[in-house]
Amino acid sequence: MRERRSGGCLCGKVRYTVTLEEPTYSICHCAMCRKWTAGPYMSVHGKGDDVSFDVDEGLTWYRSSKWAERGFCKECGSSIFYRLANQPEMLIVASVDSLDDASDITLHRHIYVDEMPDRYVFADDRPRVTEAELMVEFGIEPGGDAT
Ligand SMILES: [Zn+2]
Ligand SMILES: [Zn+2]
């Protein structure tokens, strides 16, 4: 079910449409995502060359590491996008709740569970993936960092 979805930030100065890879979301528990979003980062995947912006006057990119950039609205502070800076086919990861309608989107898995703090738990039984396992999946050498 690949259809274009619309979404945006809290104030409306970022509005986008994107085709989702799958109607599922992942939850990242890494320390940087938690600091950036004030909680686990729940994201859906699309392609960077597929996303289009109806409004982008609020959109600002922050280079959070040598690997990654994070896109947010400078007006209202909504944390929306994440992408790998060095990939030609750029992956855009939109915050699931930036979508206008996320009601049919289901949980795929948890990532960076080795950075998950003890103060919260999720009750689902979806897969839990560590940073090391994810680096292998992304093809990033040991010691690299995708956050
Ligand atoms: Zn905004
Ligand atoms: Zn993260």
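Basis of the calculations
Residues numbered from 1 in each chain as written. Chains lettered and ligands numbered in written order. Predicted model: local features only at pLDDT ≥ 70, side-chain atom pairs only at ≥ 80, totals over all residues. Heavy atoms only, no water. Phe/Tyr/Trp six-rings, centres within 6.5 Å; stacked < 30°, edge-to-face > 60°. Helix = DSSP H or I, 4+ residues; strand = E, 2+ residues; numbered from the N terminus. Buried < 20%, exposed > 50% of the residue type's maximum accessible area, 1.4 Å probe, protein only. Lys NZ or Arg CZ within 6 Å of the ring centre and 35° of its normal. Donors = N, O, S within 2.8 Å, 3.2 Å for Na, K, Ca; no water. Pairing = 2+ DSSP bridges. Polar contact = N/O pair within 3.5 Å; in protein donor to acceptor, adjacent residues only side chain to side chain. Contact = heavy atoms within 4.5 Å.

## Quick word on the packing of aromatic side chains
Evaluation of the coordinates by the stated rule reveals five aromatic pairs. Note on phenylalanine 53 and phenylalanine 81: the rings are 5.7 Å apart at their centroids and 85° apart in plane angle, and the pair reads as edge-to-face. Of the two residues, phenylalanine 53 sits in strand β5 (residues 52-55) while phenylalanine 81 sits in strand β8 (residues 79-84), which places them 28 residues apart along the sequence. Of the residues examined, phenylalanine 53 reaches a relative accessible area of 31% and is grouped as partly exposed. Residue phenylalanine 81 is classed as buried on the basis of its relative accessible area of 0%. An aromatic cluster of at least three residues, connected via ring pairs, comprises Tyr16, Phe53, Trp61 and Phe81. In this arrangement the basic side chain of arginine 70 is found over the ring face of tryptophan 36, its NZ or CZ atom lying 5.0 Å from the centre.

## Side note on the coordination of the zinc ion (ligand 1)
Protein coordination of the zinc ion (ligand 1) is provided by Cys9 (SG), Cys11 (SG), Cys73 (SG) and Cys76 (SG), with donor distances spanning 2.3 to 2.4 Å. One chain supplies every donor for the zinc ion (ligand 1), spaced along it as C-x1-C-x61-C-x2-C. With cysteine 9 in the loop between β1 (4-8) and β2 (15-19) and cysteine 73 in strand β7 (residues 68-73), this residue pair connects regions lying 64 residues apart in the sequence.

## A short note on the pairing of strand β3 (residues 24-28)
Across the five residues of β3, four count as buried, placing the element largely inside the fold. Summarising the sheet, β3 and strand β10 (residues 106-111) pair through five bridges and their orientation is parallel. Looking at the pairing, isoleucine 27 lines up with histidine 110 of β10. Where β3 and strand β4 (residues 41-47) come together, three bridges link them in antiparallel fashion. Across the sheet, serine 26 pairs through a bridge with serine 43, a residue of β4.

## A short note on the coordination of the zinc ion (ligand 2)
Here the zinc ion (ligand 2) is held by the protein donor atoms Cys28 (SG), Cys30 (SG) and Cys33 (SG), which lie 2.1 to 2.3 Å from it. Each donor residue of the zinc ion (ligand 2) lies on one chain, and together they are spaced C-x1-C-x2-C. Across the pair, exposure class does not vary: cysteine 28 and cysteine 33 are buried alike.

## Describing the sheet that holds β3
Each strand in a sheet pairs with its neighbour through backbone hydrogen bonds, running either in the same direction (parallel) or in the opposite one (antiparallel). With respect to topology, eight strands assemble into an open sheet ordered β6-β7-β8-β9-β4-β3-β10-β11, the strand pairing being mixed. Each edge of the open sheet is held by one strand with a lone partner, namely β6 (59-63) and β11 (128-129). Sheet topology note: the β10/β11 ladder contains two bridges and is parallel. Note that in β11 the partner of isoleucine 111 across the bridge is valine 129.

## Thoughts on the side chain of histidine 29
Mapped onto the fold, histidine 29 is located in the loop between β3 and α1 (31-37). A polar atom in the side chain of histidine 29 sits 2.9 Å from the side chain of tyrosine 120. When near neighbours in sequence (up to four residues on either side) are disregarded, histidine 29 contacts Arg34, Pro40, His110, Ile111, Tyr112, Val113, Glu115, Met116, Tyr120 and Phe122.

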